[in-house]
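One letter stands for each residue in the lines below.
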Amino acid sequence: MARTYPSHNVEPLYLDALGKHDPIESMRKAPKRLRKLIKGLSKKELARRSATGKWSVKEVLAHLADGEMVFGTRLRFVVAMERPVITAYDQDAFVAQLNYAEVSSADLWDSFAALRAMNVALLERMPDSAFARVGLHTERGEDALVAMLFRAAGHDRLHEAQIERVLATPKAKPKVRDAKVAKRGRAKHKSAKAKRSK
């Protein structure tokens, strides 16, 4: 059964990423798409960044798990309460302060997948009218559940594309000076080895 969503005002960035996909169906399939992206990656590959200061693949996984917990809380507040306040959060602080170095990427994916399954099940139980309910976001102002839904579904796809870009980024090559120093070091090592063997 096709769901009818109320009109919404979602940032084009998220709508463009989602394309013509149904948001709930896209969200249901996100854990599988994510698993496919990270399957077989080494710890070194999971730690890769596209540039200094950008999140690693593992940090993107942590962000998606955190984001799903936050989305699930907001979803429940908006569905169950009248115009609840929705507090903004600092996603970079979460990644920096929640010690994700101590958590395996597999555990982060498991957390994301479990939270997502719970949230999708709740979304599917909601009548169409629930998607017009609103919360009061501390930065965006009035925020309808339908906008939160489309934003979350597009958010998944943006971060999946981010992981693809990180994995496609060529590995950093040593600077010319570093390469020359390394070459001189190898030459000195060979010379010392040759002297010892005489």
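Cut-off values and rules
Per-chain numbering applies: the sequence of each chain, read as written, is numbered from 1 onward. Where totals are concerned, whole chains, interfaces and linings use all residues; where local detail is concerned, this predicted model gives features only for residues with pLDDT of at least 70, and gives and counts side-chain atom pairs only at 80 or more. Side-chain figures throughout are based on the complete set of non-hydrogen atoms in the structure, without hydrogens or water. What counts as a ring pair is set by centres within 6.5 Å for rings of Phe, Tyr and Trp (its six-membered ring), and what kind of pair is set by the plane angle: stacked under 30 degrees, edge-to-face over 60, tilted for all other angles. Helix and strand definitions here come from DSSP, where helices need a minimum of 4 consecutive H or I residues and strands a minimum of 2 consecutive E residues; each element is numbered from the N-terminal end. The rule is simple: take the accessible area with a 1.4 Å probe, protein chains only, and divide by the maximum for that residue type; under 20% is buried, over 50% is exposed, in between is partly exposed. Take the buried Ala, Val, Leu, Ile, Met, Phe, Trp, Tyr and Cys residues and link them wherever side-chain atoms come within 4.5 Å; each set so joined is a nonpolar core. Axes here mean lines fitted to C-alpha atoms, for a helix over just the part in contact, with angles spanning 0 to 180 degrees between N-to-C directions. When an angle is under 35 degrees it counts as roughly parallel; over 145 it counts as roughly antiparallel; between 65 and 115 it counts as roughly perpendicular; any other value is oblique. Crossing chirality is assigned from the near helix's rotation relative to the far helix, an anticlockwise turn below a right angle marking it left-handed and a clockwise turn marking it right-handed. Note on definitions: a residue-residue contact is assigned when non-hydrogen atoms from the two residues lie within 4.5 Å. All residues other than Ala, Val, Leu, Ile, Met, Phe, Trp, Tyr, Cys, Pro, Asp, Glu, Lys and Arg, Gly among them, are scored as polar; the first ten of these are nonpolar and the last four charged. Just to be clear on terms, a salt bridge is a Lys or Arg side-chain nitrogen sitting within 4 Å of an Asp or Glu carboxyl oxygen.

The next subject is the packing of aromatic side chains. A complete count under the given rule lists three aromatic pairs for this structure. An angle of 90° between the planes, with centres 5.6 Å apart, marks the rings of Tyr5 and Phe131 as edge-to-face. With Tyr5 in the segment before α1 (12-18) and Phe131 in the loop between α6 (105-125) and β2 (134-137), this residue pair connects regions lying 126 residues apart in the sequence. Both residues of the pair, Tyr5 and Phe131, count as buried. An angle of 50° between the planes, with centres 4.7 Å apart, marks the rings of Tyr89 and Phe94 as tilted. Look at Phe94 and you get partly exposed, because its relative accessible area is 28%. One aromatic cluster in this structure is built from Tyr5, Phe131 and Phe150.

In this structure, Tyr5, Ile24, Met27, Phe71, Leu123, Phe131 and Leu149 are the most contacted members of the largest nonpolar core, which totals 26 residues. Those elements giving two or more residues to this core turn out to be α1, α2 (23-38), α4 (57-80), α6 and α7 (145-168). Among the elements that take part in this core, α7 stands out by supplying eight residues, more than any other. Formed by 21 residues, the second largest nonpolar core is a distinct cluster that contains Ala30, Ala62, Tyr100 and Ala113.

Further remarks concern the packing of α2 against α6. Two elements in contact, α2 and α6, have axes whose closest approach is 8 Å; the angle formed by their N-to-C orientations is 165°. On the basis of the axis angle, α2 is roughly antiparallel to α6. Seen along the crossing, α2 lies across α6 with a hand that is left-handed. Residues Ile24, Met27, Arg28, Ala30, Pro31, Leu34, Arg35 and Ile38 of α2 pack against Trp109, Phe112, Ala113, Arg116, Val120, Leu123 and Glu124 of α6. Residues of the contact of α2 with α6, tallied by class, amount to 11 nonpolar, no polar and four charged.

For any two helices packed against each other, one specifies the inter-axial angle together with the distance between the axes. Where α2 meets α7, the closest approach of the two axes is 9 Å, and the angle between their N-to-C directions is 20°. By the angle class used here, α2 and α7 are roughly parallel. When you trace α2 past α7, the crossing you get is left-handed. From α2, Pro23, Ile24, Ser26, Met27, Ala30, Arg33, Leu34 and Leu37 reach across to α7, where they touch Leu149, Phe150, Ala152, Ala153, Asp156, Arg157, Glu160, Ile163, Glu164 and Leu167. Looking at the contact of α2 with α7 residue by residue, the classes come out as 12 nonpolar, one polar and five charged.

We now examine the pattern of salt bridges. In the structure shown here, the tally under the stated rule is 13 salt bridges. Close ionic contact of Arg133 with Glu82 constitutes a salt bridge, the shortest N to O distance being 3.1 Å. Of this pair, Arg133 sits in the loop between α6 and β2 while Glu82 sits in the loop between α4 and β1 (85-86), placing them 51 residues apart in sequence. A relative accessible area of 24% places Arg133 in the partly exposed class. With a shortest N-O distance of 3.0 Å, Asp143 and Arg151 are connected by a salt bridge. Through salt bridges with shared partners, a single network forms among Glu11, Arg140, Asp143 and Arg151.

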